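Structural features, examined
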Amino acid sequence: MRVYLDYNATTPVDPAVLAAMLPYLAQDFGNASSIHSAGQRARAAVDRARDSVGKLIGAAPSEIVFTSGGTEADNLAVFGVVAAAPQSRKHIITTAFEHHAVLNACQALLTHGIDVTFVPVGRDGIVDPEDVRRALRPETVLISVMHANNELGTIQPIEEIGRIAAEADAFFHCDAVQSVGKLSFDVNQLGVDLLSISAHKIYGPKGAGALYVRSGTPLEPRLFGGHHERDRRPGTENVPGIVGLGKAAELAGAHLNDDAPRIVALRNRLEETILEEVPSVRVNGARNRRVPNTTNLSFERAGGEALVIALDLQGVACSSGAACSSGAVEPSHALLAIGLSPDDARSSLRFSLGRATGPQEIDHAIRVIPPVVERLRSLSPRPPDSVAAQ
Ligand SMILES: *Cc1c(COP(=O)(O)O)cnc(C)c1O
């Protein structure tokens, strides 16, 4: 049995999304900028998708900019706002556990004379709005805080931070890639000026996404070319991808109410059973302020990478959050940001459930996880500090 528990990494394309996309890869292949009827059919499809995405988050269609995904949406928000701002506004506030698309965009701006404050994150995986307020300066132009963290699932106090941003006259960007389709929200209630979405995290295709840009928000493009997307993002529209995102957005809205309670019950059963059956396991992040589908667990004395590989052999796909760069396993920056030791961060696993997860998938995961952890622990030497403590 294959059990996929890595929906925060990516999701399969929903069959209805695929069906909606197929005509735009084949007979309706027109360029949405062409005047002839083939072009007009493509244009109409892009417009319908824009309506669907706008509707899901409470935005006007004109406020939706289609991009190549969440990474480009995040980059367009960060660079676009800074480039459009007066020279005197040279400060950004973000958090230490943002996705690398935001983190590294801000990092890149540091070398362009922009100052960035990376506010800390609590042990509970939640940013304190007062830390954001304390970081404010007269020259702060942008605050960027994610909605749900991709590794922990913890939900950030976006509405409160939105009020702080508004009082300070700073623009507010929110990476909502991991909350769309999992939480019900709209951009006005959140008080955001910009918000990022990715299609492949909500059962749409890879390589499609959107940035919501509140009407009146000054934004310079990052790419230069034609007049597409109201001069905010040039390039021939990825019509099949955009149609897929539109359909995925429609389905996300329709599924939200029945998916969430079903998935939260399965996630809790998985988590509680592991906690009961495996000694020395800790849940990372506030258990009562998470999206329904995610659990992040530290398995003392068992390497995350080794666990991922061993579980994969038993048919369970999950993630260690650690990135393997240049042969060395780097602990997750998000887990370090909430105060885990490098060892604990390296021994953590993320399980993220989705629409096709059912009781049988969880039964299988619960059967294989405890013995795999026990076996890996028996192979690994005790760390020096626990030896010393005896
Ligand atoms: C996946 C992800 C992204 C990047 O989206 P892509 O479409 O894969 O580029 C950005 N932010 C978060 C929180 C994500 O989980």
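About the thresholds
- Residues numbered from 1 in each chain as written.
- Predicted model: local features only at pLDDT ≥ 70, side-chain atom pairs only at ≥ 80, totals over all residues.
- Heavy atoms only, no water.
- Helix = DSSP H or I, 4+ residues; strand = E, 2+ residues; numbered from the N terminus.
- Rg over C-alpha atoms; globule rule 2.2 N^0.38 Å.
- Buried < 20%, exposed > 50% of the residue type's maximum accessible area, 1.4 Å probe, protein only.
- Contact = heavy atoms within 4.5 Å.
- Areas by Shrake-Rupley, 256 points an atom, 1.4 Å probe, with all protein chains shown as cover.
- Lys, Arg positive; Asp, Glu negative; His and termini not counted.
- Charge placed at Lys NZ, Arg CZ, Asp CG, Glu CD.
- Domains from an automatic or database assignment.
- Buried area = accessible area lost by both parts, 1.4 Å probe.
- Polar contact = N/O pair within 3.5 Å; in protein donor to acceptor, adjacent residues only side chain to side chain.
- Nonpolar A, V, L, I, M, F, W, Y, C, P; charged D, E, K, R; others polar.
- Near = heavy atom within 4 Å.
- Pairing = 2+ DSSP bridges.
- Expected span 1.5 Å × (residues − 1).
- Axes fitted to C-alpha atoms, helices over the stretch in contact; angles between N-to-C directions.
- pLDDT = per-residue confidence, 0-100.
- Core = buried A, V, L, I, M, F, W, Y, C linked by side-chain atoms within 4.5 Å.

This brings us to the overall build of the chain. For the chain, the helix and strand inventory stands at 14 helices and 14 strands. Taken over the C-alpha trace, the chain has a radius of gyration of 22 Å; the compact-globule value for 390 residues is 21 Å, and the two agree within 12%. If you line up the chain on its principal axes, its C-alpha atoms span 75 × 50 × 40 Å. Counting across all 390 residues of the chain, residues that qualify as buried make up 55%. The contacts in the chain between residues at least 6 apart in sequence include a share of 73% that link residues at least 24 apart. Here the chain has roughly 16,300 Å² of accessible surface; of this, 54% comes from carbon and sulfur atoms. Side-chain charges in the chain split into 37 positive and 44 negative, and the spacing between the mean points of these groups amounts to 2 Å.

Domain assignment breaks the chain into domain 1 (3-9 + 256-380) and domain 2 (15-252). For domain 1 and domain 2, the distance between their C-alpha centres works out to 28 Å. The junction of domain 1 with domain 2 conceals about 2,500 Å² of combined surface from both sides, 54% of it contributed by carbon and sulfur atoms. On inspection of domain 1 and its partner domain 2, the count reaches 13 residue pairs in polar contact (both at pLDDT 80 or more). Elements that contribute at least two residues to the side of domain 1 that touches domain 2 include exactly strand E10 (294-299) and helix H11 (333-337). With 4 residues, the top contributor of residues to the side of domain 1 that touches domain 2 is H11. Partitioning the side of domain 1 that touches domain 2 into residue classes produces 11 nonpolar, 11 polar and 4 charged.

This part takes up the site of the ligand. Neighbouring residues of the ligand: 13 residues in total, closest Thr71, Asp175, Gln178, Ser198 and Lys201. The separation between an oxygen atom of the ligand and a polar side-chain atom of glutamine 178 is 2.7 Å. One of the side-chain N or O atoms of lysine 201 is found 2.8 Å from an oxygen atom in the ligand. Protein chains bury 88% of the 380 Å² of accessible surface belonging to the ligand in isolation. At 3 residues, helix H3 (residues 70-84) tops the list of elements feeding residues into the shell around the ligand. When the residues that make up the shell around the ligand are grouped by side-chain class, the tally is 2 nonpolar, 8 polar and 3 charged.

Attention shifts here to the pairing of strand E14 (residues 348-352). In terms of residue burial, E14 counts as a mostly covered element, since 5 of its 5 residues are buried. Where burial is concerned, the two faces of E14 agree: the one with Ser348, Arg350 and Ser352 and the one with Leu349 and Phe351 are both buried. Bridge count for E10 against E14 is 5 bridges, and the pairing is antiparallel. Of the residues in E14, the one forming a bridge with serine 298 is serine 348.

Glancing now at helix H2 (residues 37-57). Relative to the 30 Å expected for 21 residues at 1.5 Å per residue, H2 spans 31 Å between its end C-alpha atoms, a close match to the ideal helical length. Burial in H2 covers these residues: Gly39, Ala42, Ala45, Val46, Ala49, Arg50, Ser52, Val53, Gly54 and Ile57. The first or second residue beyond H2 is glycine 58, which carries a positive phi of 75°.

Turning to the sheet that holds E14, a few remarks are in order. Sheet architecture is open: 3 strands sit in the order E9-E10-E14, paired in antiparallel fashion. Single-partner strands in this sheet number two, and they are strand E9 (281-283) and E14. Averaged over all neighbouring strand pairs, the angle between strand axes comes to 25°, with direction disregarded. Together, E10 and E14 form the strand contacts of helix H10 (residues 304-313), whose direction differs from that of E14 by roughly 45°.

So, about the side chain of asparagine 8. With respect to the helices and strands, asparagine 8 occurs in the loop between strand E1 (3-4) and helix H1 (15-25). If near-sequence neighbours (up to four positions away) are discounted, asparagine 8 is found in contact with Asn150, Gln178, Lys182, Lys201, Asn293, Thr294, Arg350 and Ser352.

On to the confidence of the model for the chain. Detailed conclusions should not be drawn from predicted coordinates in areas where pLDDT is low. The pLDDT averaged across the chain works out to 95; a share of 96% of its residues lies at or above 70. The low-confidence segment residues 386-390 (pLDDT under 50) makes 2 contacts with residues lying over four places distant or belonging to another chain.

All right, on to unusual backbone geometry then. In this structure, aspartate 169 is a non-glycine residue whose phi angle is positive, near 65°. For aspartate 169, a relative accessible area of 58% gives the class exposed. Although it is not a glycine, arginine 230 sits at a positive phi angle of roughly 50°. Within the element layout of this structure, arginine 230 appears in helix H8 (residues 228-231).

Below, the discussion takes up the sheet that holds strand E6 (residues 171-175). The strand order across the open sheet formed by 7 strands is E2-E8-E7-E6-E5-E3-E4, and the pairing between neighbours is mixed. At either end of the open sheet lies a strand with only one pairing partner, and these are strand E2 (64-67) and strand E4 (115-119). For this sheet the average axis-to-axis angle between neighbouring strands, irrespective of direction, equals 20°. For E6 and strand E7 (residues 194-198), the ladder comprises 3 bridges, and the chain directions are parallel. The partner of cysteine 174 across the bridge, within E7, is leucine 195. Each of strand E5 (140-144) and E6 is contacted by helix H6 (residues 158-168), which is oriented at about 160° to E6, the strand it contacts most.

A separate point is the nonpolar core. Ranked by size, the top nonpolar core spans 60 residues in total, and within it Ile57, Phe66, Phe97, Ile143, Val192 and Leu195 carry the most contacts. For this core, the leading source of residues is helix H9 (residues 239-277), giving 7 residues. Built from parts of two domains, this core gets at least three residues from each of domain 1 (3-9 + 256-380) and domain 2 (15-252). Leave out the neighbours within four places in its chain, and isoleucine 57 touches Ile64, Phe185, Asp186, Val187, Leu195, Ile197 and Tyr212. Listed in part, the 28 residues of the second largest apolar core include Val283, Phe299, Leu311 and Leu349.

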